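Coordinate inspection notes
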Amino acid sequence: MPRDTWVLFRHNVRAMLRQKAGVVFGAIQPLLFLVLFGPIFATFGTWETLVPGLIIQLGLMSTGMAGFGVVFDKRTGVLERMRVTPARRLSLLLGRVLGNVVTLVVQTVLLLAVAFAFGLRVPPAGLLAGLALVVVLGAGLAALSYAVALTMNEHLFAPVMSTAVVPLVLLSGSFLPMSMAPDWLDALSHASPFRYALEAVRDLFHGRYATATVAVGVAVTALFTAAGLLIGTRVFNREHA
């Protein structure tokens, strides 16, 4: 299984490297928010509060739309050819997911480079821990995205997922902490795992490590990713049976 995963992972990374413009374009929206909204936000908030929100937004848009690759493979017959390969179905999923994670890391580093130029200051330990949490979250989201793409009409995937990303971004508190929202909206946001991950990353970026917020964020992210990988694996097994 490790060899199959590595082969598929390497293939996906090579495809990413051939489409550098697509990687950059995928990070354009958070970058625009950073450049155009960041200076306004900085007048009453901090970069350490805003940038984690933009990273979560980037993760939702990047790995949340990962399933579009499966939609394309369906149309071109790649999935049909994969069914006759000896590769384990978990490897087929993990190879794709790890490739998506690398793309997310590259895009996040690009966003962070611009953010540091604008004034973001994060302790190295907090930065690395925050990135690790985002990577784990992205892996779970990518797996779920593939599961949705394989079970949904291929023509509906892009519009449905694009529409779903907007409320998920807002309910996570990407632009402003949800504690500032009306009570009903604050309560609704607690149903989203992305809120807990974002609040944990914000604490980490502020140099606060041993907090209940970080512990809850790590636990929720781990459960979300485990569920995403489990669902993704089951769907892949069924679709490639």
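Refer to the structure presented above.
Described in the following lines is the structure provided in the data block. The structure presented is a predicted model; accordingly, all values stated were derived computationally and were not measured.

1. As for the nonpolar core
In globular proteins that are soluble, nonpolar side chains generally tend to be buried together. Counting residues in each nonpolar core, the largest one holds 34 residues, and the members touching the most others are Leu34, Val51, Leu120 and Phe205. Secondary structure elements with two or more residues in this core: α3 (28-41), α4 (47-62), α7 (89-118), α8 (124-151), α9 (154-172) and α11 (193-205).

2. Re the environment of Asn12
Considering the arrangement of structural elements, one finds Asn12 in helix α1 (residues 2-18). Put simply, Asn12 and Met152 are 140 residues apart on the chain and 23 Å apart in space, counted from C-alpha to C-alpha. Setting aside anything within four residues of it in sequence, one finds Asn12 in contact with Gly95, Arg96 and Gly99.

3. What to know about the packing of aromatic side chains
Evaluation of the coordinates by the stated rule reveals six aromatic pairs. Note on Phe37 and Phe41: the rings are 5.9 Å apart at their centroids and 55 degrees apart in plane angle, and the pair reads as tilted. Of this pair, Phe37 and Phe41 are both found in helix α3, four residues apart, which corresponds to roughly one turn of the helix. The class for Phe41 is buried, based on a relative accessible area of 2%.

4. Side note on the environment of Gln107
Looking at where Gln107 falls in the secondary structure, it is placed in helix α7. Separated by 60 residues in sequence, Gln107 and Pro167 have C-alpha atoms that sit 22 Å apart. Aside from chain neighbours lying at most four places away, what touches Gln107 is Val23, Gly26, Ala27, Leu58 and Ser62.

5. Some thoughts on a positive patch on the surface
Taken together, Arg3, Arg10, Arg14 and Arg18 make up a surface patch of like positive charges. Structurally, Arg14 can be placed in helix α1.

6. What to know about a nonpolar patch on the surface
Residues Val24, Phe25, Ile28, Leu32, Val35, Leu36, Leu110 and Phe118 make up a contiguous nonpolar surface patch of roughly 720 Å² in combined accessible area. Of all the secondary-structure elements, those providing two or more residues to the nonpolar patch are α2 (20-26), α3 and α7. Counting residues per element, the nonpolar patch draws most heavily on α3, at four residues. Residue class for Val24 comes out partly exposed when judged on its relative accessible area of 40%.

7. Considerations on the pattern of salt bridges
Pairing is possible between side chains that carry opposite charge, provided their charged atoms lie close to one another. This model, assessed by the stated rule, comprises three salt bridges. When the shortest N-O distance is used, the salt bridge between Asp186 and Arg195 registers 2.4 Å. Take Arg195: its relative accessible area is 6%, and that puts it in the buried class. Arg208 serves as the salt-bridge partner of Asp203, at 2.9 Å between the closest nitrogen and oxygen. For Asp203, a relative accessible area of 10% translates into the label buried. Each member of the salt-bridge network shares a partner with another, and the members are Asp186, Arg195 and Glu199.

8. Concerning the side chain of Thr108
Position of Thr108 among the secondary structure elements: in helix α7. Taking the relative accessible area as the measure of exposure, Thr108 reaches 1% and is therefore buried. Of note is the side chain of Thr108, whose polar atom sits 2.7 Å from the backbone oxygen of Leu104. Residues in contact with Thr108, not counting those within four places in the same chain, are Ile55, Leu58 and Leu131.

9. Some words on α4
Taking 1.5 Å per residue, 16 residues should reach 22 Å; α4 reaches 22 Å between its end C-alpha atoms and fits that length. Of all 16 residues making up α4, 16 are buried, and the element is well covered by its neighbours.

10. Structural notes on the packing of α8 against α11
Across the interface, α8 lies against α11 with an axial gap of 8 Å and an inter-helix angle of 165 degrees. When the axis of α8 is compared with that of α11, the two are roughly antiparallel. Along this stretch, α8 crosses α11, giving a crossing that reads as left-handed. Here α8 contributes Gly126, Leu127, Ala129, Gly130, Leu133, Val134, Leu137 and Leu141 to the contact with α11, which in turn contributes Phe194, Ala197, Ala200, Val201, Leu204 and Phe205. For the contact of α8 with α11, the per-class residue count stands at 12 nonpolar, two polar and no charged.

11. Structural notes on α11
The end-to-end C-alpha distance of α11, which contains 13 residues, comes to 19 Å, matching closely the 18 Å that a straight helix rising 1.5 Å per residue would cover. The buried fraction of α11 is high, at 12 of 13 residues. When α11 is considered as a whole, its buried residues turn out to be Pro193, Phe194, Arg195, Tyr196, Ala197, Leu198, Ala200, Val201, Arg202, Asp203, Leu204 and Phe205. Backbone geometry just downstream of α11 places Gly207 in the positive-phi region, at approximately 85 degrees.

Criteria and thresholds
- Residues numbered from 1 in each chain as written.
- Predicted model: local features only at pLDDT ≥ 70, side-chain atom pairs only at ≥ 80, totals over all residues.
- Heavy atoms only, no water.
- Core = buried A, V, L, I, M, F, W, Y, C linked by side-chain atoms within 4.5 Å.
- Buried < 20%, exposed > 50% of the residue type's maximum accessible area, 1.4 Å probe, protein only.
- Helix = DSSP H or I, 4+ residues; strand = E, 2+ residues; numbered from the N terminus.
- Contact = heavy atoms within 4.5 Å.
- Phe/Tyr/Trp six-rings, centres within 6.5 Å; stacked < 30°, edge-to-face > 60°.
- Patch = residues over 30% accessible without salt bridge, like charges linked within 9 Å, V, L, I, M, F, W, Y side chains within 5 Å.
- Areas by Shrake-Rupley, 256 points an atom, 1.4 Å probe, with all protein chains shown as cover.
- Salt bridge = Lys/Arg side-chain N within 4 Å of Asp/Glu carboxyl O.
- Lys, Arg positive; Asp, Glu negative; His and termini not counted.
- Charge placed at Lys NZ, Arg CZ, Asp CG, Glu CD.
- Polar contact = N/O pair within 3.5 Å; in protein donor to acceptor, adjacent residues only side chain to side chain.
- Expected span 1.5 Å × (residues − 1).
- Axes fitted to C-alpha atoms, helices over the stretch in contact; angles between N-to-C directions.
- Parallel < 35°, antiparallel > 145°, perpendicular 65-115°, else oblique.
- Left-handed = near helix turned anticlockwise from the far one by under 90°.
- Nonpolar A, V, L, I, M, F, W, Y, C, P; charged D, E, K, R; others polar.

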